[in-house]
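Each chain, letter by letter, is given below.
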Amino acid sequence: TADIQLLTAGLDHENFGFKFSQLERQHAEVVANLQRTMDTLTKTDHTVARLGDEFVGNKLTVQSILQELGVKTADNMNSIAELAKAQQRHGDVLKDTVWRTDKAERDHKRLYEQQSATEQEVAGIQGINKVTVEKLDAHAQEHQRTRSDLASLNREADLGLTQLRGDMGTTSAMLAKLSNRFDACNHNIQG
């Protein structure tokens, strides 16, 4: 029995050494896994910081574009207001011209009754009428140019808005990617 106890004590001592070495190996594996996790967290932190910097840069770019579009829109609104004023002036000139034409017709009728002076005054009225027609033609051409300018401004504004929408879509897609990456990183970190 003493030999058995000695043999049992020897086996227990050998099992303890085996268990201790097994625990040391497990501890080394846990430390290696923890180090890999820390390295991954450091890389993730750097990636999140870089993406944050890129987001700030993109945000500033979008803000700059929006400010430029605001300035262009304000300029366009001012141009439209000026065009509206010019059109109002043209309308006033046209009303004045119509009024003058009516007056000329009344004068013509009266002058017709006074035949001795009629021929000289009729020639003057015809000259005024010719000038009026030339002014009307000039105003019609100016009106056509104004319409063309308005159409061009509208196209430019539409192109600017289309570009802005595209930029905003790109920014939204980038934010969605950042969110997905952050969620994935957060999921990886939390296990």
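J.: Looking at this model, I keep getting lost on the overall build of the protein chain. Mind explaining?
T.: Looking only at helices and strands, one finds two helices and zero strands in the protein chain. Counting all 191 residues of the protein chain, 11% fall into the buried class. On the protein chain, roughly 15600 Å² of surface is accessible, and the fraction owed to carbon and sulfur atoms is 58%.

J.: Would you explain a nonpolar patch on the surface in this entry?
T.: On the surface, Leu94, Val98 and Leu136 cluster together into a nonpolar patch covering about 220 Å² of accessible area. Structurally, Val98 is set in helix H1 (residues 2-113). Given a relative accessible area of 44%, Val98 falls into the partly exposed group.

J.: Which parts of the structure should I look at to understand the side chain of Thr132?
T.: Looking at the element boundaries, Thr132 is found in helix H2 (residues 115-190). By relative accessible area, Thr132 is classed as buried at 13%. Here the side chain of Thr132 touches Ile128 through a polar contact of 2.8 Å, landing on its backbone oxygen. Sequence-distant contacts of Thr132, defined by excluding residues within four places in its chain, comprise Thr97 and Thr101.

J.: Can you walk me through the layout of surface pockets in this structure?
T.: Regions of empty space are outlined by a rolling probe, equal in size to a water molecule, passed over the atoms. The calculated volume of the largest pocket comes to roughly 390 Å³. Considering the residues around the largest pocket, the lining is formed by 16 residues, among which Leu69, Lys72, Asn76, Glu156 and Ala157 are closest to the centre. Of all the secondary-structure elements, those providing two or more residues to the lining of the largest pocket are H1 and H2.

J.: Could you clarify how one ought to interpret the pattern of salt bridges in this entry?
T.: Opposite charge on two side chains allows them to pair when their charged atoms are near. Evaluated as defined, the whole model comprises five salt bridges. Notably, a salt bridge pairs Arg50 with Glu54, separated by 3.0 Å at the nearest N-O pair. Taken together, the residues Arg50 and Glu54, both in helix H1 and four residues apart, mark about one turn of the helix. Since its relative accessible area comes to 44%, Arg50 is described here as partly exposed. When its relative accessible area of 36% is taken as the criterion, Glu54 is described as partly exposed.

Parameters and conventions
- Residues numbered from 1 in each chain as written.
- Predicted model: local features only at pLDDT ≥ 70, side-chain atom pairs only at ≥ 80, totals over all residues.
- Heavy atoms only, no water.
- Helix = DSSP H or I, 4+ residues; strand = E, 2+ residues; numbered from the N terminus.
- Buried < 20%, exposed > 50% of the residue type's maximum accessible area, 1.4 Å probe, protein only.
- Areas by Shrake-Rupley, 256 points an atom, 1.4 Å probe, with all protein chains shown as cover.
- Patch = residues over 30% accessible without salt bridge, like charges linked within 9 Å, V, L, I, M, F, W, Y side chains within 5 Å.
- Salt bridge = Lys/Arg side-chain N within 4 Å of Asp/Glu carboxyl O.
- Polar contact = N/O pair within 3.5 Å; in protein donor to acceptor, adjacent residues only side chain to side chain.
- Contact = heavy atoms within 4.5 Å.
- 1 Å grid on protein atoms, 1.4 Å probe; cavity = no way out; pocket = protein on both sides within 12 Å on 5 of 7 lines; lining within 4 Å.
- Points joined across faces, edges and corners; volume = space filled by probe spheres on them.

Read these as spatial facts, not as claims about activity.
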